[in-house]
Every structure is written in C-alpha cells, then in structure tokens.
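If you want the building blocks of each chain, they are given just below.
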Amino acid sequence: MRLLMRFLKPYRGLVAVTLLVLLVDNVGTLLVPTMLANMVNTGITTGDVDYILRNGLYMFIATSMASGGTVLGCYLSARLAANVACDIRNAVYDKSLELAASDFERFGTGSMITRSLNDINVIQQAILQTIQLVLPVPFLAVAGIIFAWFIDPAMGTLLGVVVAIVLVAAVFTVANAAPIFMRLQGFIDRMNVVLRENIVGARVIRAFNKERHEERRLDEVFSDYAANAIKVNHLFVGLDSSSFFLMNIAEVAVLWVGGNRVGAHAMQIASISAVLEYAILILFFVMMAQMVVLTLPRAAACLNRAQQVLEIEPSIVDGERTLDDGAREPQDEADAVAVFDHMSFRFDDADEDTLCDLSFACRRGQTTAIVGSTGSGKSTVAKLLLRFHDATKGSIRLNGVDLRELSQGEIRGHIAYVPQKAWLFSGTVASNLRFGNEDATEADMLHALRVAQSTFVLDQPQGLDTPVAQGGTNFSGGQRQRLAIARALMKHADLYIFDDSFSALDFKTDAALRHALQDETRDAAVLIIAQRISTILHADQIVVLKDGEIVGLGTHSELMETCEVYRAIAESQMKGGE
Ligand SMILES: Nc1ncnc2c1ncn2[C@@H]1O[C@H](COP(=O)(O)OP(=O)(O)OP(=O)(O)O)[C@@H](O)[C@H]1O
C-alpha cells in the first residue's frame, strides 16, 4: 500500500479531480429517482405543467451531471491507472538494470517478465476498477438510504437492512476467496518459466525427441493453473447468482412493503419506483464492488512482488570517483589500463573461489590473451572487469582506480565488450551499430564493418538498413560474432574485451580480423579470451588459467617451454588438425 501511495503521489491533482468528477456523477445519479417520483406524485397527479417543466429541467441537469461525470470519470480514472502502472513498470525495469547478476538471479528471468508485464497489468486493472466501482459504494449506499428514508422512513430502514445483509455476505465471500487469488499469481510465474524454457529450447527438445516429455511437463503446469482458475470461476459464478438472487429478493421486499405503505396511504405510488431504483443502484454497485474486491488480494500480491524488486539493495554499489580524478599506476606501470592485483572471486552460492589470486595487467598497445579449459574462469574475468560482480579479495584497477570506487557507467564507458554469446537487437544493422555510439556517422559504421570483416552486410540490397531479427537469428553464428565486434568497435574505448568472439570464424577470417584489429586498437589495451591457440598465438602476453588459478604467464614461445598446461592445450589442437 505504501508503494501504491508513493506512485500515486505525483498524481495528487489528477486523483482529486477524478474523485470530484465521480462525486458529481453519483450525486446526479441519486437525484434522478427522487425527482422522477416528485414529478409523478406532485406534477402529474395535480396536472401542474409548470412544475413538470421545471422539474424536467432539473432532471435534465442531474442526468447531464451523471452521464458527463461517468464519461469524464472513466477517462480520468483510466488515465490515472495507466500512468501509475507505467511508472511502476519503468521503476521495476530501471531497478532490474541496476541489479548485479547475482541479485537478478534471485528472481530469474521468467519471474521478472511476469512481474513487469502481468503483475503490473493486474495492478492497473485493480486501480481502475477500484476507482470506478468500489470507491462510490460507501457514498452511494449511505446517500441512497438517506434519500429513501426521506421518501419514507420505513422504506429507508428496509433498504438499510437489505444492504447490511448483502455487505455481510460480500465480506464473507471475499475473505474465503483471497488465498485462491494469491496462489494464481504463483502459477502464472511457473507457467512463464516453463514456457520460456520450452520456446527457447524448442530445437533441442526436438533433436532429443523429448516432445512428449515436455508436453507432459507443460500439461502439469497448465493443469495446476487451470484447476485454480476454475476454482476462481466457480467463485464468480456463485457470487454472481447469489447477488442477483439477493437483488431480486430485495426488489420483491421493496414492492411488497411499498405496496402496503401505499395501501395504508403512508406513501405515494411513484415513490415505490424511486426506492426500487435506489435499491437496484446500491445493490448493483455492491455486487460489482464485491467482484473487484475479490481480485484485490491478487493485486496486493502483485504489488508486493513489484515491491520486492524495488526494495532490493543492489549488491554492487557505485563509487563516486571518476577516471579523470588523476590516479594513475606507478611510473613503471604507466601503460597499464587494467590491473588484477591478487584478486580472488567467489560466486555467492559457491563453496570455493572461482578465481584465485590473479595478478596481471592489460597494457595499452598490447594484446593480452586468456586461455584455459572450459569452466576455468575465463569469462568470469571479463565480467569482473565490467563490474557485473565485485572482487571478493584483492582488487581490479582501471586506469589506476579501484573498480569499487567507480560507477558502473564510468567503467563501462571506457570498455568495449564483445560477449561470448553475440546478441543483436531487433532493428537494423545500423541501429545495432549505433548501440555502440549514438552519434556514429555512416562512414564510421562502414569503417567498423570493414575492420570486423562484416562487408557481407554491404552486399545486401538494403546495406546498413538490412533488418536484424531479435537476437540476430537471421544471421549465421559467425556473422553475428562479426557484427557484435563491429558494434564494439564503434566505441572508442581504453580496453577492448573479446570473450571467445572469434570461435565461430573460419581461420582465414579470424586471421584477417585480428590483423585489422591491430591498427584499430593500437592506442588501447586488448583482452582476448579464446579456446583456439591460433587466435592468440601472437598476443603480447598469454594468461593460462586452470581451475581459476594462473598456471602460466608469458608469450606463446615462452609458455611452450615453461607451461605444461599450455603445451598440452597447444599440442592437442595441433593434433586436432591445425
Ligand atoms: N552465476 C554463477 N553462479 C555460480 N557459479 C558460476 C556462475 N557462472 C559461472 N559459474 C562457475 O564459474 C566457473 C567459471 O565459469 P566461466 O564461465 O568463467 O568459465 P569459462 O572458462 O569462461 O568457460 P567456457 O570456456 O566454457 O566459456 C564455472 O565452474 C561455472 O560453473
């Protein structure tokens, strides 16, 4: 609730105007039955045309208030709900970008998608329906009973008793329904996770003939959701029918008691229809409010889930220093761009260090390579440099400043990164390249494409405007890698990181690309993570990792003589046909 208040606060004015408009609508609606009764009881029975015309005008004004108020109220409340939902959605998204990888993993991608889309839609609907259908109920009920009481105190009392009975029944139903709605959101989360896995991994499922197995798994998840949704529908059906039954009973009671009162000359005939209208109006709103209130626990659960994301304290806190603060490595290390200083790192959920006591420097104008068997921690080195995680022991410095003292934006502004899995965004080649530099000219883009050996784009009829599907799936693995490299080259960085970015390239393209890169990155440090020895053969220094520890550091020829692990990797690849 606190969260909702926080997001409603900027719209205080809109909230006030919306409530005022709804009040005008409700007052108009309540006045019409009494005016109609007066017109019949006084105007028509006495034949007073002036009275009928005057009262008709008042009725017209009241009806205009009611109908105008309804239209405007619907518009304003829809606008308010949409704005608040949009703000919550943006806040959740912004927070998800702030979170460190380990923070994000606490929720998982599937749950984050449900929280950002489905949950916030539920909140939006709840805000809208609460304003339109729940908030008017107390006013309509109290004012309607008072109006009926003024027409005839006995009828007012009768209406009060009926409304009280219906309200007690509503409270009872809502209390029983709340847990079912709370569970529903959890099932949606689960469906999202399993569906995502199945859609993304569809080809693997087919390749392993696991369609039946996955169908059963999905069926289980869908059935759980369906069983719960059916319970919800039973509830609504029960509620609907009992509400209409109570409404009809109330109408009969009003006609019965009203008829007797007219027979006893205690009330005039048209007053029965006025009281009947108040009864129907109040009971209809109570019925609708009941339906909405039933869904509020679900909306509260959704709000709570959004709050869980918004309240999480990112485990990576931005520092305040900038790289222009003047700190530099000592004179003899002046060319060091990134320095690992006895750095160790352990994942939160791991029992031992993934990287242990790493010490090496990536120097300006030089290429540093990292090799090692799979799982030895190569990609983790890149992620630490980008501050997706913080070192557990020791430190990493960028241009002489400890990464923990810098903001993530500052760090990433000085690093160009090509991830292991080359991911492209839906759009065009140009829009993907501009991701690296918003102000890039066409000449900049063509240059980056040439360096990255991606001129195949220019052979396409649309050139730079060639469409790119989500993830870049309309390109081959090697083409995607080269476009991701071109995107990184759009940025003028101090450090270029290529995480296994040449693995899908043939040897000729790999060699041509590395040759072109040399000129391009002459003034920067380059870090290449690779599995293939041929890719890093000419690196100025090669770091050999084994189980997260450095077991060799030197050039290719030095390591061939001194490092057994390196020699074993190199020899296995030579035998493999290189
Ligand atoms: N988010 C994580 N939580 C826990 N452990 C992780 C996580 N990510 C990676 N690891 C572990 O850290 C180790 C190093 O992973 P990393 O991806 O750095 O290896 P790599 O040398 O790049 O492997 P590859 O060559 O296969 O890409 C692995 O044992 C892996 O299981």
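Residues numbered from 1 in each chain as written. Predicted model: local features only at pLDDT ≥ 70, side-chain atom pairs only at ≥ 80, totals over all residues. Heavy atoms only, no water.

A closer look at the overall build of the chain
The cut-off we apply is this: Numbering of helices and strands runs from the N terminus, with a helix taken as a DSSP run of H or I at least four residues long and a strand as a DSSP run of E at least two residues long. Each radius of gyration reported is based on C-alpha atoms, and the globular scaling rule is 2.2 Å times the count of residues to the power 0.38. Think of it in three bands: residues with accessible area under 20% of the maximum for their type are buried, residues over 50% are exposed, and the middle band is partly exposed, with areas taken using a 1.4 Å probe on protein chains only. The criterion used for residue contact is that any of the two residues' heavy atoms lie within 4.5 Å. Surface accessibility follows the Shrake-Rupley procedure with a 1.4 Å probe radius. Residue values consider only the protein chains on display as shielding.
When helices and strands are counted, the chain shows 19 helices and 12 strands. Against the compact-globule benchmark of 25 Å for 578 residues, the chain has a radius of gyration of 35 Å, which places it well outside the compact range. If you line up the chain on its principal axes, its C-alpha atoms span 115 × 50 × 50 Å. Counting all 578 residues of the chain, 47% fall into the buried class. For the chain, long-range pairs separated by at least 24 residues make up 76% of all intrachain contacts whose partners lie at least 6 apart in sequence. Looking at the chain as shown, the accessible area adds up to about 28,900 Å², and 59% of this sits on carbon and sulfur atoms.

Quick look at the site of the ligand
This is how it is decided: Near, as used in this document, describes a residue that has one of its heavy atoms within 4 Å of the molecule or strand being considered. Pairing of N or O atoms within 3.5 Å defines a polar contact, subject to two protein rules: one partner must be a possible hydrogen donor and the other a possible acceptor, and residues neighboring in sequence count only if both atoms are side-chain atoms.
Inspection of the region around the ligand gives 14 residues, with Thr 374, Lys 378, Ser 379, Thr 380 and Gln 420 positioned closest. Between the ligand and the protein, one listed contact pairs an oxygen atom with a side-chain N or O atom of Thr 374 at 2.9 Å. Here Thr 380 contributes a side-chain N or O atom positioned 2.5 Å from an oxygen atom of the ligand. Across the complex, the protein chains shield 66% of the 640 Å² of accessible surface that the ligand would expose by itself.

Let's talk about the UniProt feature "transmembrane region" (unreviewed entry) in the chain
The condition that has to hold: UniProt positions are given in the numbering used here, feature names are shortened, and annotations may be inferred rather than shown by experiment.
Taken from the UniProt record, the annotation "transmembrane region" (unreviewed entry) applies to residues 58-78, 133-151, 157-181 and 275-296. The straight-line gap between the two end C-alpha atoms of residues 58-78 is 30 Å; of that span, 100% is helix and 0% is strand. In residues 275-296, the share of helix is 100% and the share of strand is 0%. The end C-alpha atoms are 31 Å apart.

Details of helix H3 (residues 49-98)
Formally: One fewer than the residue count of a helix, multiplied by 1.5 Å, yields its expected span.
With 50 residues, H3 should reach 74 Å at 1.5 Å per residue; the first-to-last C-alpha distance of 72 Å fits that figure. One side-chain oxygen of the residue at the start of H3 lies 3.2 Å from the amide nitrogen of Asp 50, identifying that residue as Asp 48.

Side note on unusual backbone geometry
Phi is positive for Asp 357, close to 50°, though the residue is something other than glycine. By the secondary structure assignment, Asp 357 is in strand S2 (residues 355-363). A positive phi is found at Asp 547, a non-glycine position, where the angle reads about 50°. The residue Asp 547 is located in the loop between strand S11 (541-546) and strand S12 (549-554) in this model. Its relative accessible area of 59% is what places Asp 547 among the exposed residues.

Quick notes on the sheet that holds strand S4 (residues 393-398)
Our working definition: At least two DSSP bridges between two strands are needed for those strands to be called paired.
Spatial ordering of the open sheet is given by S2-S1-S4-S5, a layout of 4 strands whose pairing is antiparallel. Edge positions in the open sheet fall to S2 and strand S5 (401-402), since each of these has one partner strand only. Bridge count between strand S1 (residues 336-345) and S4: 5 bridges; the pairing is antiparallel. Its bridge partner being in S4, Asp 341 is matched across the sheet by Ser 395.

Side note on the UniProt feature "domain: ABC transporter" (unreviewed entry) in the chain
The sites that carry the UniProt feature "domain: ABC transporter" (unreviewed entry) are, in the present numbering, residues 338-572. Annotation note: span residues 338-572, helix share 33%, strand share 26%, distance between end C-alpha atoms 31 Å.

Concerning the packing of aromatic side chains
How we decide: What counts as a ring pair is set by centres within 6.5 Å for rings of Phe, Tyr and Trp (its six-membered ring), and what kind of pair is set by the plane angle: stacked under 30 degrees, edge-to-face over 60, tilted for all other angles.
This model, assessed by the stated rule, comprises 9 aromatic pairs. Considering the side-chain rings of Trp 149 and Phe 150, the 6.2 Å spacing of their centres and the 85° angle between planes classify their relative orientation as edge-to-face. Between the aromatic rings of Phe 498 and Phe 502, the centroid separation amounts to 5.6 Å while the plane-to-plane angle is 40°, which identifies the pairing as tilted. The residues Phe 498 and Phe 502 share a single accessibility class, namely buried.

Let's talk about the sheet that holds strand S9 (residues 495-499)
Definition in use: To obtain an axis, a line is fitted to C-alpha atoms, over the contacting stretch when the element is a helix, and the angle between two such axes runs from 0 to 180 degrees between their N-to-C directions.
If you walk across this open sheet you meet the 6 strands as S6-S9-S10-S3-S11-S12, and the pairing is mixed. The open sheet is flanked by strand S6 (415-418) and S12, the only strands paired with a single partner. Strand-to-strand twist in this sheet, taken as the mean axis angle between neighbours without regard to direction, amounts to 15°. The sheet contact formed by strand S3 (residues 367-372) and strand S10 (residues 525-529) spans 4 bridges and is parallel. Its bridge partner being in S10, Ala 369 is matched across the sheet by Ile 528.

Re the pattern of salt bridges
What counts is decided by this rule: For this analysis, a salt bridge means a side-chain nitrogen from Lys or Arg found within 4 Å of a carboxyl oxygen belonging to Asp or Glu.
Overall, the coordinates contain 17 salt bridges when judged by the stated rule. For the salt bridge of Glu 311 with Arg 2, the shortest nitrogen-to-oxygen distance reads 3.9 Å. Placement of Glu 311 in helix H10 (residues 269-311) and of Arg 2 in helix H1 (residues 2-8) is noted, with a sequence separation of 309 residues between them. Here Glu 311 falls in the partly exposed class, since its relative accessible area comes to 48%.

Here's the deal with the pairing of S12
Across 5 bridges, the pairing between S11 and S12 is antiparallel. Across the sheet, residue Ile 542 finds its bridge partner in S12, namely Gly 554. From the end of S11 to the start of S12, which pair antiparallel, there are 2 residues, and Asp 547 there has a positive phi angle of about 50°.

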